[in-house]
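# Architecture and fold: a report
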Amino acid sequence: MPPATDAPQAVAHTGRRVPTIPDAVWSPLAGAVLMLVPGLLSIAFGQLWLFPSLGPTAFQQAALPQLPTSRFYNVVAGHLIGAVVAIVLVLLIVPEDEPSVFELKVLTARRLAASVLAVAITLLVAVPIRIGLHPPAAATTLLVTFGAFPPTWAGLGTIVAGVLIVAVLGEALRRARLAQPGQK
């Protein structure tokens, strides 16, 4: 008779009981790794590759790996579509010399218009074709419209680098979690 343990167990295809990692352990560890890696890379390379909208992405990939919105494609496409739409709207609506919301500590009417339109257009694009459905990406859209990232190729490159770091690592962790016995 196998020894009793507190860890959940699942029966592997071999018929043996295989311990699985409880969600209460897996999720915080996976989420921490998904924040630590881009954070350390940001420090090492002097880049802002860890930004607020990646927190909800990491949370979703760590705690809800079975959701389609946690998949690599949706993570990358969601953040990219939202960022590009936001950049275009900032270039069209917000004067180049207008300070960010974070500098002003006030939301201006132009930044509000860019924000509202960016989220609406992102949904208009993503929902019907089911590409890029990743709710945390809406925060990236707002970071751009609020002025945290400049509406430039460099600003977009920073976003893409951070998203790819989390998406690649998150997809590996997501697949590892789903491969564990007893996971769906």
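In short, a report on the structure. (Residues numbered from 1 in each chain as written. Predicted model: local features only at pLDDT ≥ 70, side-chain atom pairs only at ≥ 80, totals over all residues. Heavy atoms only, no water.)

### Section: the pattern of salt bridges
For the record, the criterion: Whenever a carboxyl oxygen of Asp or Glu lies within 4 Å of a side-chain nitrogen of Lys or Arg, that contact is scored as a salt bridge. In DSSP terms, a helix is any run of H or I states spanning at least four residues, a strand is any run of E spanning at least two, and both are numbered starting from the N terminus. Exposure classes here rest on a 1.4 Å probe applied to the protein chains alone. A residue is buried below 20% of its type maximum, exposed above 50%, and partly exposed in between.
For the coordinates displayed, the defined rule picks out 4 salt bridges. Two residues, Arg177 and Asp23, come together in a salt bridge whose shortest N-O distance is 2.3 Å. With Arg177 in helix H7 (residues 153-179) and Asp23 in helix H1 (residues 23-45), this residue pair connects regions lying 154 residues apart in the sequence. Among the residues examined, Arg177 registers a relative accessible area of 1% and is labelled buried. Its salt-bridge partner being Arg175, residue Glu171 comes within 2.7 Å of it at the nearest N-O pair. Pair noted here: Glu171 and Arg175 are both in helix H7, with a separation of 4 residues, about one helical turn. Owing to a relative accessible area of 9%, Glu171 belongs among the buried residues under this scheme. By relative accessible area, Arg175 is classed as exposed at 56%. Connected through salt bridges with shared partners, the residues Glu171, Arg174 and Arg175 form a single ionic network.

### Section: a nonpolar patch on the surface
This is how the line gets drawn: Patch membership requires over 30% relative accessible area and the absence of a salt bridge. Like charges are linked within 9 Å, and nonpolar side chains (Val, Leu, Ile, Met, Phe, Trp, Tyr) within 5 Å. All accessible-area figures derive from a Shrake-Rupley calculation using a 1.4 Å probe, and residue coverage is judged against the displayed protein chains alone.
A surface patch of nonpolar side chains, about 370 Å² in accessible area, is lined by Phe72, Tyr73, Leu164 and Val168. Of all elements in the fold, only helix H3 (72-93) and H7 reach the threshold of two or more residues within the nonpolar patch. For Val168, the location among the structural elements is in helix H7.

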